[in-house]
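Fold and geometry: a report
Residues per chain are reported as follows:
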Amino acid sequence: MPRGILSKQNARGVGKTTTQALLSPKMQRSKGALARSRSIDHQLDEERELRQKEIQLLILGGASSGKSTFIKQLRIHHGDGFPSRERATLRPHVHENIVEGIHTVTEHLPQFNITLQSPSTQNYLIEFKKKLPRINHFHHPVHENGSDGSPILERPASPVSPMVPRVKEMPNSMIEIIRDSGFQKCLAEHKTFERQLTVAEKHFLDNIERVVSKGYIPTLQDILYIRKPTTGVQEHTFHVNGLNYRVIDVAGQRSQRKKWIHFFDGVTAVIFFASLSGFNEALEEEHSINNLRDSLITFQDLSTNSFLEKTDFILFLNKEDLFKEKMQTVQLKDTFSEFKGENTPEAGLSFIKQEFMRLKRSSKQVYTHVTTATNMDVMKTIIRDVLQIIVEINLKKTTVF
Ligand SMILES: Nc1nc2c(ncn2[C@@H]2O[C@H](COP(=O)(O)OP(=O)(O)OP(=O)(O)O)[C@@H](O)[C@H]2O)c(=O)[nH]1
Ligand SMILES: [Mg+2]
C-alpha cells in the first residue's frame, strides 16, 4: 500500500475496525509500529526537503568591512532592486555622509596650514558647524535584547540623525564650502588624513551638486556607497532558483560581537568579510587596534569555534579596489613586518590569504573570494559563484546525518 494512503487512513481513523478485526494482536502491534515508522520517515523527508530549500547565511566581519554592501548587492541582483520610493527614503543617509565629510576635511585644514579662501565661505562654515555638528555613529543607542538575552532582529532601516533635515536648509552654503579652493586643496591631501575620509564621504563630496539638488533620488551606485553602520541584527530573505535564503547581517563593532553567537545555530554557511585595505588602518571604534589584524584574530576565533565546527566558511577579502590603489604608495611591511615580499598587490594579496589560511582550523573548509563589494558588475558574477557553492554546501549538509 502506498505510504501516503496508509497514514491518511490512520489519521482519519478510516478502515480501522475492518482491517484490525482480521489481524492477531501481535500483527496489529507490528502493523501500527510500521505505520508510525513510515509516518516518521515521511515527516523526515518533508523536513529534509524544507531544509534543503531554506538556506541560512550568517554574514560576519569587522565594522565597515562591507557586510551590508553585500546584502545591498543581493537585493540589486536577486531582490527588489530598491524601488524608487525606498531610494528616496535613503536620501538622509547620503546627507549624513556629506555632513561627516565636510567635518573630516575642514578639521584637517590647520594640519595642512590651509584656510578657506573666501570670507563668505568661512562664515558658511561657522554656521554649518553650529547647525550640523558631527554625528558619532559609535554612540548610537544599541538595540535592546530579547527576554532570553538574544538580540532582537531589527527592521532593515536604521535611524537617521535628527540634524540631517537641516541639510535642506543650507544646500547652497554647503556647495560653496566644498567648492572653495582651500577646501579642495585640503581634500586633495585626504590620503594622508589622520582621521580617514571614508569612501562614502569622498564619493558624495565629489557629487555634491547632484546629491543636494531638489528631487534628488539616490542611484544604485550611491546606495552602495552609503555608510550607515548596522546596529543590532538585521534579517533579509531572498528567493533564488527555488531556494529561500535567510541572510543575517550583524553589526561588526567589537562591542556588538558577543551577539553573533545567538545566530550560530542552524547556519548553512558563514560569510566572513575582511577589508584588505585595512592593513594600515585602525579600527573605527578602537584606534589602537589594526583593522586587518583584528579581522585575522576574529576569523581565527570563529573558524575554531566549537559551535561552528561543522560550518563551512566563505571568506570575502573585500575592498580590493582600495587595496590595489594603496599598495602603490603604502608599504605592507610597515604594519605587517612578517611580509617579506615585493610591495605589489599580487604579493600582498597572496600573503594576506596565507595568513587567513594559517589561522583557520586545519579541517575547516574555507572558500576565498577577492571582492569589491561596491562594484555591481563584479559582484553579479561573484554572487552567482558563491550561491552555487552555498547550494553545494547545503546539499552536503542536508543529505549527511
Ligand atoms: N571602495 C570600496 N568601498 C567599499 C567596499 N565595500 C564596502 N565599501 C564601503 O565601505 C563602507 C562600509 O560598508 P558596510 O557594508 O556598511 O560595512 P559593514 O561591514 O556592514 O559595517 P557595520 O555595519 O558597521 O558592521 C560603505 O561606505 C561601503 O560603500 C569595496 O569593496 N570598495
Ligand atoms: Mg553593516
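None of the values given here were measured: they were computed from a predicted structure.

Cut-off values and rules
Residues numbered from 1 in each chain as written. Chains lettered and ligands numbered in written order. Predicted model: local features only at pLDDT ≥ 70, side-chain atom pairs only at ≥ 80, totals over all residues. Heavy atoms only, no water. Phe/Tyr/Trp six-rings, centres within 6.5 Å; stacked < 30°, edge-to-face > 60°. Helix = DSSP H or I, 4+ residues; strand = E, 2+ residues; numbered from the N terminus. Buried < 20%, exposed > 50% of the residue type's maximum accessible area, 1.4 Å probe, protein only. Core = buried A, V, L, I, M, F, W, Y, C linked by side-chain atoms within 4.5 Å. Contact = heavy atoms within 4.5 Å. pLDDT = per-residue confidence, 0-100. Near = heavy atom within 4 Å. Polar contact = N/O pair within 3.5 Å; in protein donor to acceptor, adjacent residues only side chain to side chain. Areas by Shrake-Rupley, 256 points an atom, 1.4 Å probe, with all protein chains shown as cover. Nonpolar A, V, L, I, M, F, W, Y, C, P; charged D, E, K, R; others polar. Donors = N, O, S within 2.8 Å, 3.2 Å for Na, K, Ca; no water. UniProt positions renumbered as here; feature names shortened; annotations may be inferred.

For the coordinates displayed, the defined rule picks out 10 aromatic pairs. For the ring pair F70 and F273, a centre distance of 5.6 Å and an interplane angle of 50° mean the geometry is tilted. One end of the pair, F70, is in helix 4 (residues 67–78); the other, F273, is in strand 5 (residues 269–275), and 203 residues separate them in sequence. In this pair, the class of F70 matches that of F273, namely buried. For the ring pair F339 and F351, a centre distance of 5.3 Å and an interplane angle of 55° mean the geometry is tilted. Remark: F351 occurs in helix 15 (residues 345–359) and F339 occurs in the loop between helix 14 (320–326) and helix 15; sequence separation between them is 12 residues. On the basis of relative accessible area, F339 is assigned to the buried category, the value being 5%. Of the residues examined, F351 reaches a relative accessible area of 9% and is grouped as buried. Among the aromatic side chains, those forming a connected cluster through ring pairs are F272, F299, F313 and F356.

Before going further, it helps to spend a moment on the nonpolar core. Ranked by internal contacts, the top residues of the largest apolar core, which has 36 residues, are I98, I102, V105, F128, F183, F204 and L205. Elements with a contribution of two residues or more to this core: helix 6 (91–107), helix 7 (119–131), helix 8 (171–179), helix 9 (181–187), helix 10 (199–206), helix 11 (208–212) and helix 12 (220–225). Of the residues forming this core, the biggest block, 5 residues, is contributed by helix 6. With sequence-adjacent residues up to four places away left out, V105 is seen in contact with F183, C186, L187, F193, L197 and L205. In this structure, V250, F264, L302 and F336 belong to the second largest nonpolar core, which totals 33 residues.

Scored by pLDDT, the chain comes out at a mean of 86, with 85% of its residues at no less than 70. Residue range residues 1–19 is modelled with pLDDT below 50. Its contacts to residues more than four positions away, or to other chains, number 11 contacts. Ignoring residues within four places in sequence, the model shows residues 139–150, a span with pLDDT below 50, making 16 contacts including any to other chains.

Neighbouring ligand 1 are 26 residues, the closest being S64, K67, T69, L224 and G252. Separating an oxygen atom of ligand 1 from a backbone N or O atom of A373 is a distance of 2.9 Å. Isolated, ligand 1 exposes 650 Å² of accessible area, and the fraction of that covered by the protein chains is 98%. For the shell around ligand 1, the secondary-structure elements that each account for two or more residues are helix 4, helix 10, helix 12 and helix 14. Sort the elements by how many residues they give to the shell around ligand 1 and helix 4 lands first, with 3 residues. Taken together, the residues of the shell around ligand 1 sort by class into 11 nonpolar, 11 polar and 4 charged.

Taken together, S68 (OG) and T230 (OG1) make up the protein donors of the magnesium ion (ligand 2), found 2.0 Å from the metal. Of this pair, S68 sits in helix 4 while T230 sits in the loop between helix 12 and strand 3 (233–240), and the two are 162 residues apart along the sequence. Here T230 falls in the buried class, since its relative accessible area comes to 9%.

To continue, consider unusual backbone geometry. Residues other than glycine seldom take positive phi values, yet S64 does so here, at roughly 70°. Among the structural elements, S64 can be located in the loop between strand 1 (54–61) and helix 4. Residue K319 is not a glycine yet carries a positive backbone phi of 65°. On the secondary structure map, K319 appears in the loop between strand 6 (312–318) and helix 14. The buried category is assigned to K319, whose relative accessible area is 18%.

Further remarks concern the UniProt feature "binding site: Mg(2+)" (unreviewed entry) in the chain. Mapped onto the present numbering, the UniProt feature "binding site: Mg(2+)" (unreviewed entry) falls on S68 and T230. With the annotated positions falling across 163 residues, the maximum pairwise C-alpha distance of 7.6 Å places them together in a single cluster. Given the relative accessible area of 22%, S68 is considered partly exposed. In contact with S68, not counting residues within four places along its chain, are T230 and D249. The residues contacting T230, other than those within four sequence positions of it, are S68, D249, V250 and A251.

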